[in-house]
Amino acid sequence: MTGIAELNAELEQASGVINAFRDHAAQGNGLDLSDLDAKIKALCETIVELPPSERQAFKAKLISLTDDLDRLVETLTKQHREIAEDIQSVTSRQRAASVYGSAGTTTSARKK
């Protein structure tokens with residue numbers, strides 16, 4: 001069984017990782033969040049198994065961790081939105097170039 005001090009340290013570490021991910025994402029870098037979900041799930045399952053009196057001590061830390069995750073989601077959502085806008089802009093330019101290119105080809109064919 002994980003001790004209280006170890007759980008506190010793991011929650012602090014998880015919070016630090018989440019905030020580092022957020023900073024990394026804010027700079028436009030990609031992230032591998034695959035292990036984060038499992039780590040947080042394991043922490044929560046361990047806390048749930050504690051006696052109610054010990055479990056209560058983690059309430060504030062879990063709320064803080066949730067806030068950290070919310071801020072990460074906001075950053076990732078913003079990054080996703082920006083990427084989608086960039087893709088849309090490129091797609092629009094490609095369509096316009098294609099249309100103008102087709103119009104030029106049609107005009108050239110008519111001149112012959």
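Here the structure is shown first, and the text comes after it.
Please read all numbers here as calculations on a predicted model, not as lab measurements.

K.L.:
Lay out the overall build of the protein chain with the relevant residues and their values.
P.N.:
Looking only at helices and strands, the protein chain has four helices and zero strands in total. Going residue by residue from the N terminus, the α and β elements of the protein chain occur as α-α-α-α. Classification of the 112 residues of the protein chain by burial places 17% in the buried group. For the protein chain, restricting intrachain contacts to residue pairs at least 6 apart in sequence, the fraction spanning at least 24 positions comes to 73%. Surface accessibility of the protein chain: about 8000 Å² in total, with carbon and sulfur atoms responsible for 55%.

K.L.:
Outline the environment of cysteine 44, supporting the account with residue identities and numerical values.
P.N.:
Secondary-structure assignment places cysteine 44 in helix α2 (residues 34–48). Between the C-alpha atoms of cysteine 44 and leucine 7, which are 37 residues apart in sequence, the distance is 9.7 Å.

K.L.:
Kindly report on the nonpolar core, identifying the contributing residues and their values.
P.N.:
Among the nonpolar cores identified, the biggest contains 12 residues, and these are Leu7, Leu11, Ala14, Ile18, Leu36, Ile40, Leu43, Ile47, Leu50, Phe58, Leu65 and Leu72. For this core, the elements supplying multiple residues, two or more each, are α1 (4–26), α2 and α4 (59–111). Apart from residues lying up to four places away in sequence, leucine 72 is in contact with Ile18, Phe21, Arg22, Leu31, Leu33 and Leu36.

K.L.:
Can you tell me about the pattern of salt bridges, naming the residues and giving the values?
P.N.:
Enumeration according to the criterion identifies five salt bridges in this entry. In this structure, lysine 61 and glutamate 12 form a salt bridge, with 3.1 Å as the shortest nitrogen-oxygen distance. In this pair, lysine 61 sits in helix α4 while glutamate 12 sits in helix α1, placing the two residues 49 residues apart along the sequence. According to the relative accessible area criterion, lysine 61 is partly exposed, its value standing at 28%. In this structure, glutamate 82 and lysine 78 form a salt bridge, with 4.0 Å as the shortest nitrogen-oxygen distance. Linking glutamate 82 with lysine 78, this pair stays in helix α4, spanning four residues, or about one helical turn. Taking relative accessible area as the criterion, glutamate 82 reaches 39% and is therefore assigned partly exposed. Take lysine 78: its relative accessible area is 47%, and that puts it in the partly exposed class.

Rules of the game
Residues numbered from 1 in each chain as written. Predicted model: local features only at pLDDT ≥ 70, side-chain atom pairs only at ≥ 80, totals over all residues. Heavy atoms only, no water. Helix = DSSP H or I, 4+ residues; strand = E, 2+ residues; numbered from the N terminus. Buried < 20%, exposed > 50% of the residue type's maximum accessible area, 1.4 Å probe, protein only. Contact = heavy atoms within 4.5 Å. Areas by Shrake-Rupley, 256 points an atom, 1.4 Å probe, with all protein chains shown as cover. Core = buried A, V, L, I, M, F, W, Y, C linked by side-chain atoms within 4.5 Å. Salt bridge = Lys/Arg side-chain N within 4 Å of Asp/Glu carboxyl O.

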